[in-house]
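Architecture and fold: a report
Here are the chains, one letter per residue:
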Amino acid sequence: MRGRHLLSPLLSPLSYPKPPSSRLAPRRGASHRAVAPPPAAHRAPLSEPDVGISRFASALPGFRGALKQRYSDFVVHEVALDGSLVRLTSFDLPDGECVDAKEGGMDEAQALESFRLLCGDADCEALRGFLERVSEGGDSDVSPIILSADADKTHRSEVHDFFKRNFEALLTDTVEHSDGIQRCIRVRLKPGRRERKDVDGRGRNRKGAGSSGWRDDKPFDSRGSIIWPDHLGKFIRFHLYKENKDTQEALGKIGKMLGLQPRSFGFAGTKDKRAVTTQQVTVFKVQASRLVALNSKLIGIKVGDFSYVKEGLALGQLMGNRFTITLRSVVAESEDVIKAALDGLITNGFINYYGLQRFGSGSVPNHQVGAALLRGEWRNAVQLILGPREGDILEHGDIGTALRNFPRYLITERAIRLKKYPGNYLQALMAIPRTLRLMYVHSYQSYLWNHAASMRVQKYGISRVVEGDLVYKKESPFEQGALKATSEDDGQTMSSEMNACCETLPEEMIQSVKIADSEDLSKSLYTFEDVVLPLPGSETLFPGNEVAGIYHEIAIKDGINLRESVHGVEDFSITSMKGGYRRVIQRPIDFEWDLITYTDEKIPLVETDLDVLSKTKPLEVNELLSDGISSCTSHDSGLEASLDASESINGASLVVAEAKSIGSSDTLEKLAIKLAFTLPASSYATMAIRELMKTSTSVAHQKTLNI
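Let me begin by describing the structure that accompanies this report.

The rules behind the values
- Residues numbered from 1 in each chain as written.
- Predicted model: local features only at pLDDT ≥ 70, side-chain atom pairs only at ≥ 80, totals over all residues.
- Heavy atoms only, no water.
- Axes fitted to C-alpha atoms, helices over the stretch in contact; angles between N-to-C directions.
- Helix = DSSP H or I, 4+ residues; strand = E, 2+ residues; numbered from the N terminus.
- Parallel < 35°, antiparallel > 145°, perpendicular 65-115°, else oblique.
- Contact = heavy atoms within 4.5 Å.
- Nonpolar A, V, L, I, M, F, W, Y, C, P; charged D, E, K, R; others polar.
- Buried < 20%, exposed > 50% of the residue type's maximum accessible area, 1.4 Å probe, protein only.
- Polar contact = N/O pair within 3.5 Å; in protein donor to acceptor, adjacent residues only side chain to side chain.
- Core = buried A, V, L, I, M, F, W, Y, C linked by side-chain atoms within 4.5 Å.
- Domains from an automatic or database assignment.
- Salt bridge = Lys/Arg side-chain N within 4 Å of Asp/Glu carboxyl O.
- Pairing = 2+ DSSP bridges.
- Phe/Tyr/Trp six-rings, centres within 6.5 Å; stacked < 30°, edge-to-face > 60°.
- Lys NZ or Arg CZ within 6 Å of the ring centre and 35° of its normal.
- Left-handed = near helix turned anticlockwise from the far one by under 90°.

**Some points on the packing of helix H1 (residues 108–119) against helix H3 (residues 153–166)**
With their axes 11 Å apart at the nearest point, H1 and H3 run at an angle of 175° to one another. Taken together, the axes of H1 and H3 lie roughly antiparallel to each other. Between H1 and H3, the contacting residues are Ala 111, Ser 114, Phe 115, Leu 118 and Cys 119 on the first element and His 155, Glu 158, Val 159, Phe 162, Phe 163 and Asn 166 on the second. Here the contact of H1 with H3 is built from residues that sort into 7 nonpolar, 3 polar and 1 charged.

Below is the structure:
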């Protein structure tokens, strides 16, 4: 059975099955700063009410099913600013470019930048100076250098391997530190080249080696050192295809192989980890041939569809995302229940909550880190970010040593280590890539927005606009920002609802919002689809009704003033951001669905880009990167499990063993639902699925079912 919906009917009156959260009341003494709990304490996974998710747009019953049973059940294609779907279709080089003979190797400037990530600024500057002396003064007048003390044997092995791979003319060995206890790595020219030795034969130590106070704050920039053809744009744009990896992790692996820092890459938005996703990425002055050479080495990642462009991508430069989602092992009282739920999602939409992914999967939620940053509590923020890893790091006062063994995908934590500023927690925080730094404050804005949305729905419903609501003015620039995207599959054109709902909006969009008054209501100028709520900032309006109070109540409880900052660090201040607005209700755009029967859990029910590409160019595509099945529970906050058989949905008990149940477990044939729809940027597909199935998206709920 198949359904499709391309138009958008008006919203209908709805009911609200969930009670309001009692956690919103401010506590006594709320004007004082809140004190975060110690980071070493083990915390339970976030639940939806913890971040303000407590209402549904419809009282229709849901059904049981499993999402992301295989990560290939969740396929995401970015929708670019020009409305095109971003797919992986080719590994071909741009016209006129040949394969780089270096096959992905690094030049000296890139190797130095990679070494900076491995060992820090001070050692990188020392190595750069050493190489300059070799180049300028010849071999006869160059002494070895001693890198900073390093007690971590594993890390020392990484450094030795790095030199073997990237500096053929150099040798390294391990020597004792000047204190006679610690060990250091010595870097010298290979035998056969003359070196100037000290009496003890170790080579002269550079000034300040091993001193925690020595550093060079000026960053090394290799951009100008790369010769680049005049006829090419200085950025290479490519399509990043990844399986079961988040965007930062995938780019971190590519960056390591290219000798680039994570901040070198530009992308419009992060994509789900437990999924198969394709998105656009840009990087400055890297040849496509170097990227192509990586495909044979990357696991779970492919890059292709290369083109040279003049500008790099920035966060928010996308229309949205197209989702193809498979719900497996579907069980409902009848087929009519399923169809009614699907029709209800099309008609009523879903509350446009920020999903649990927004708040992170670590031991401390991102919005709690954001609250500490807004209060100017730098040490507390570092503690919260690092969490209970490697013991009590701050107690010993040596963050760098304690974090040597952090996995490379922990970009934020490793970035804190790299700066090595003892006691200067603000500088340590500023070492985190800016896009990740901003994530924490944005997460706190999202936390406030979710609570405000729940209060708005609880207090006034969603069938009409009430006085004091914020609405987009008619004929505003925001309303005119229509999406025109054509699907490569069937030539369909997406509807004009694809408005970017992001954290920072252009000034003209911010000015296009007004408070609905009695005259607007009497003329019925607006519907609930026009109602928005603010992400607090210096230029955003608050509603003119009781909903405004929830923002300030929660902020005061957390020791935060939304109208003025207690410090002057712009990246960690709401008042330094313009702010933005977000629709309370969002409906899936160009919604399609199919009912599918299957018997083998291991067979994919949706083709990925790599599957399609392997049919046209089988010799260029390796075997399927994996079978798509995870052997352990994912810690993404996406919906990955449904209610167990004994639970009820909206009061309607589901009996799995009943013969009349659709897709019941006593039959060999199982039922799946394939959904395809588009959402604007920053809208969460998991929130649409939550509305459809009336189930929680929390990690704890994911573990209740193992299908």
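**Some details on the environment of Asp 600**
Relative to the helices and strands, Asp 600 is located in the loop between strand E18 (589–598) and helix H18 (609–616). Given a relative accessible area of 34%, Asp 600 falls into the partly exposed group. When the C-alpha atoms of Asp 600 and Lys 670 are compared, they prove to be 8.7 Å apart, with 70 residues separating the residues in sequence. Engagement of the side chain of Asp 600 in a polar contact is seen with the backbone nitrogen of Lys 602, the distance being 2.9 Å.

**Concerning the nonpolar core**
Within the largest apolar cluster, 90 residues are counted, with the highest numbers of intra-cluster contacts made by Phe 63, Leu 327, Tyr 444 and Leu 675. Counting residues per element, this core draws most heavily on helix H13 (residues 434–460), which supplies 12 residues. Two domains each provide a minimum of three residues to this core, namely domain 1 (57–76 + 322–350 + 590–613 + 668–706) and domain 4 (353–474 + 504–583). Other than its neighbours up to four places away in sequence, Leu 327 contacts Phe 63, Ala 66, Leu 67, Leu 671, Ala 672, Ile 673, Leu 675, Ile 689, Leu 692 and Met 693.

**A short note on helix H19 (residues 685–693)**
Taken across its 9 residues, H19 has 9 buried, putting it largely inside the fold. Where H19 is concerned, the buried positions are Ala 685, Thr 686, Met 687, Ala 688, Ile 689, Arg 690, Glu 691, Leu 692 and Met 693. Of the residues trailing H19, Lys 694 is marked for its positive phi of about 60°.

**Quick look at helix H7 (residues 366–374)**
Burial analysis of H7 places 8 of its 9 residues in the buried class, the great majority of the element. Residues of H7 that are buried sit in contact with helix H8 (378–386), helix H12 (425–430) and H13. Once H7 finishes, Gly 376 follows within two positions and takes phi at roughly 80°, a positive value.

**What to know about the pattern of salt bridges**
Going through the model one piece at a time under the given rule, you end up with 24 salt bridges. For the salt bridge of Arg 116 with Glu 125, the shortest nitrogen-to-oxygen distance reads 3.2 Å. With relative accessibility at 6%, the residue Arg 116 sits in the buried group. Across the pair Arg 375 and Glu 377 runs a salt bridge, and its minimum N-O distance is 3.0 Å. Grouping residues by exposure puts Arg 375 and Glu 377 together as buried. In the salt-bridge network here, residues are joined through shared partners; they are Glu 113, Arg 116, Asp 121, Glu 125, Arg 128 and Glu 132.

**Let's talk about the sheet that holds strand E4 (residues 145–146)**
Strand order in this open sheet of 3 strands is E4-E6-E5, and the pairing throughout is antiparallel. The sheet is open, and its two edges are formed by E4 and strand E5 (170–176), each paired on a single side. Sheet topology note: the E4/strand E6 (residues 183–189) ladder contains 2 bridges and is antiparallel. From the neighbouring strand, Ile 145 faces E6, where its bridge partner is Val 187.

**Looking at the packing of aromatic side chains**
Inspection of every chain in the model, using the stated rule, returns 14 aromatic pairs. Consider the rings of Tyr 354 and Tyr 684, whose centres lie 6.2 Å apart with planes at 70°: the pair is edge-to-face. Separated by 330 residues along the polypeptide, Tyr 354 in the loop between strand E12 (350–351) and H7 and Tyr 684 in the loop between strand E21 (670–680) and H19 bring together distant segments of the chain. Each residue in the set Phe 74, Phe 323, Phe 591 and Phe 677 is aromatic and connected to the rest through ring pairs, giving one cluster. Sitting above the plane of the Phe 74 ring, Lys 68 keeps its charged end 4.3 Å from the centroid. Taking the ring centre of Phe 56 as reference, the NZ or CZ of Arg 690 above it sits at 4.0 Å.

**A closer look at the sheet that holds strand E14 (residues 513–515)**
Across the sheet, 4 strands lie side by side as E14-E13-E15-E16; this open sheet has antiparallel pairing. Each of the sheet's edge strands pairs with one partner strand only, and the pair in question is E14 and strand E16 (580–583). Taking each pair of neighbouring strands and ignoring which way they run, the sheet shows an average axis angle of 50°. Packed onto the sheet, H13 meets strand E15 (531–535) and E16 and runs at close to 150° relative to E15.

**Points about the environment of Val 309**
Tracing the sequence through the fold places Val 309 in strand E10 (residues 301–309). Val 309 gets classed as buried once you look at its relative accessible area, which sits at 15%. A C-alpha to C-alpha distance of 4.5 Å links Val 309 and Gly 233, two positions 76 residues apart in sequence. Once residues within four sequence positions are removed from consideration, Val 309 is found in contact with Gly 233, Lys 234, Phe 235, Arg 237 and Thr 282.

**Observations regarding the side chain of Asn 352**
Considering the arrangement of structural elements, one finds Asn 352 in the loop between E12 and H7. Separated by 3.0 Å, the side chains of Asn 352 and Ser 683 make a polar contact. Excluding residues that lie within four positions of it along the chain, Asn 352 makes contacts with Trp 449, Arg 582, Arg 583, Val 584, Ile 585, Gln 586 and Ser 683.

**Things to note about the packing of H7 against H8**
In contact at an axis separation of 8 Å, H7 and H8 are set at 165° when each is read in the N-to-C sense. The angle between H7 and H8 falls in the class roughly antiparallel. The hand of the H7/H8 crossing is left-handed. For the pair H7 and H8, contact is made by Gln 368, Val 369, Ala 372 and Leu 373 and by Trp 378, Asn 380, Ala 381, Leu 384 and Ile 385, respectively. Along the lines of polarity and charge, the residues of the contact of H7 with H8 split into 7 nonpolar, 2 polar and no charged.

**Re the environment of His 552**
Note that His 552 resides in helix H17 (residues 547–557). Looking at His 552, the relative accessible area reads 16%, which means it is buried. Counting along the chain gives 104 residues from His 552 to Leu 448, while the straight-line C-alpha distance between them is 9.0 Å. The residues touching His 552, leaving out its near neighbours within four places in the chain, are Phe 542, Leu 562 and Arg 563. Of the polar contacts made by the side chain of His 552, one reaches the side chain of Arg 563; its length is 3.3 Å.

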